Amino acid sequence: MPKRSLMLAGGGVKIAFQAGVLQVWLDEAGFEFDHGDGVSAACFNLAMWAQGMSGREIADNWRNLNPLRGVAINWSQLYLLFFAESIFTLDAYRHHIFPNWGLNWEKIQASQREATFNVYNFSKHLLRPVTAPEMTEDLLVAAASLSLWFPPVRTEGDVYIDAIFNIATNLEEAIRRGADELWIIWTTSQRGQWMSGYVGAFFGIFEATTTGGYKNMLARIERNNKAVARGAGSEFGRHIKVCELKAEVPLHYLFNFSKKRTAEAVDAGVAAGRAWCKENGITYKASD
């Protein structure tokens, strides 16, 4: 049987949509995955999956999320203005959101599911795929610590930040681990619309780095598959199947304070997941 990897690409708060897709893929269609990979805030979904939660449990955690409970301004740094370490912190996620979601570090570390949580070790300038047995609260927070908005995490003697500017979904790591099929949920916008203002420019850079790197990796896979079909030498040595669900999610990457909008994003993911199954001739049983 081919080895399947569940690729949870980063996308800020848009990953609430991703959780809706997981409800369909994991529960309604009954897909099983040999490996899961997450980048940025998508590592939150990966942590729930690694712990053994169902797709519906992951989706409901986002449906019931009050975004205001996750807001924590870094008041101690604001007076430094341009020299401030960050605008916000993820302390509220540590103290409120993670416990409400039922995250349990011992269960994650003892998981039978193979998972890689990508963080960027800024001290050594290395991308680090953290395995489930290595996962800690500090490293999960580091995975989502988008520079400027959240402070870096200092742990294990090094400085860690969000890996999103290095990679948006670690397809190469999944292939290295033996994946024959990459099942990708992609939520970063690809409309190519440049927004004015400092925040707009920041997230324009975000889209440029993530989408550009992603397209380059897909091009490598396509060249590999053509070489395999010709019987020539190929980069990865086998055919790699890409199963992609990609959507323009009407939710800001970071600034959403509405519980209703978050729940709507989850339900949009459910609808997109079901539509994707229909388009691909895959049967599913709606759970609501």
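Please refer to the structure higher up on the page.
To start, this report covers the structure provided alongside it. What you are looking at is a predicted structure, and each value in this text was computed from that prediction instead of being measured. (Residues numbered from 1 in each chain as written. Predicted model: local features only at pLDDT ≥ 70, side-chain atom pairs only at ≥ 80, totals over all residues. Heavy atoms only, no water.)

### Thoughts on the nonpolar core
Trp 25, Trp 62, Leu 103, Phe 117, Leu 140 and Leu 182 are the most contacted members of the largest nonpolar core, which has 90 residues in total. With nine residues, helix H1 (residues 15-28) is the largest single contributor of residues to this core. If near-sequence neighbours (up to four positions away) are discounted, Leu 140 is found in contact with Cys 43, Phe 44, Ala 47, Phe 98, Leu 103, Trp 105, Phe 117 and Met 135. (Core = buried A, V, L, I, M, F, W, Y, C linked by side-chain atoms within 4.5 Å. Buried < 20%, exposed > 50% of the residue type's maximum accessible area, 1.4 Å probe, protein only. Helix = DSSP H or I, 4+ residues; strand = E, 2+ residues; numbered from the N terminus. Contact = heavy atoms within 4.5 Å.)

### Quick notes on the environment of Gly 212
Relative to the helices and strands, Gly 212 is located in helix H9 (residues 197-230). Among the residues examined, Gly 212 registers a relative accessible area of 27% and is labelled partly exposed. Along the sequence, Gly 212 and Gln 190 sit 22 residues apart, while their C-alpha atoms lie 9.7 Å from each other.

### So, the packing of aromatic side chains
Overall, the coordinates contain 27 aromatic pairs when judged by the stated rule. Ring geometry for Phe 33 and Trp 183: centres 5.7 Å apart, planes at 80°, overall edge-to-face. Of this pair, Phe 33 sits in the loop between H1 and strand S2 (35-39) while Trp 183 is found in strand S7 (residues 181-186), placing the two residues 150 residues apart along the sequence. In this structure, Phe 33 and Trp 183 share a single accessibility class: buried. Ring geometry for Trp 149 versus Phe 202: centroids 5.6 Å apart, planes at 85°, classification edge-to-face. With Trp 149 in the loop between helix H7 (137-143) and strand S5 (153-155) and Phe 202 in helix H9, this residue pair connects regions lying 53 residues apart in the sequence. Per residue, the accessibility class of Trp 149 equals that of Phe 202, and both read buried. Through successive ring pairs, a cluster of aromatic residues spans Phe 88, Trp 149, Phe 150, Phe 165, Phe 202, Phe 203, Phe 206, Tyr 253 and Phe 255. Positioned above the aromatic ring of Tyr 253, the side-chain terminus of Lys 14 is 4.7 Å from the ring centre. (Phe/Tyr/Trp six-rings, centres within 6.5 Å; stacked < 30°, edge-to-face > 60°. Lys NZ or Arg CZ within 6 Å of the ring centre and 35° of its normal.)

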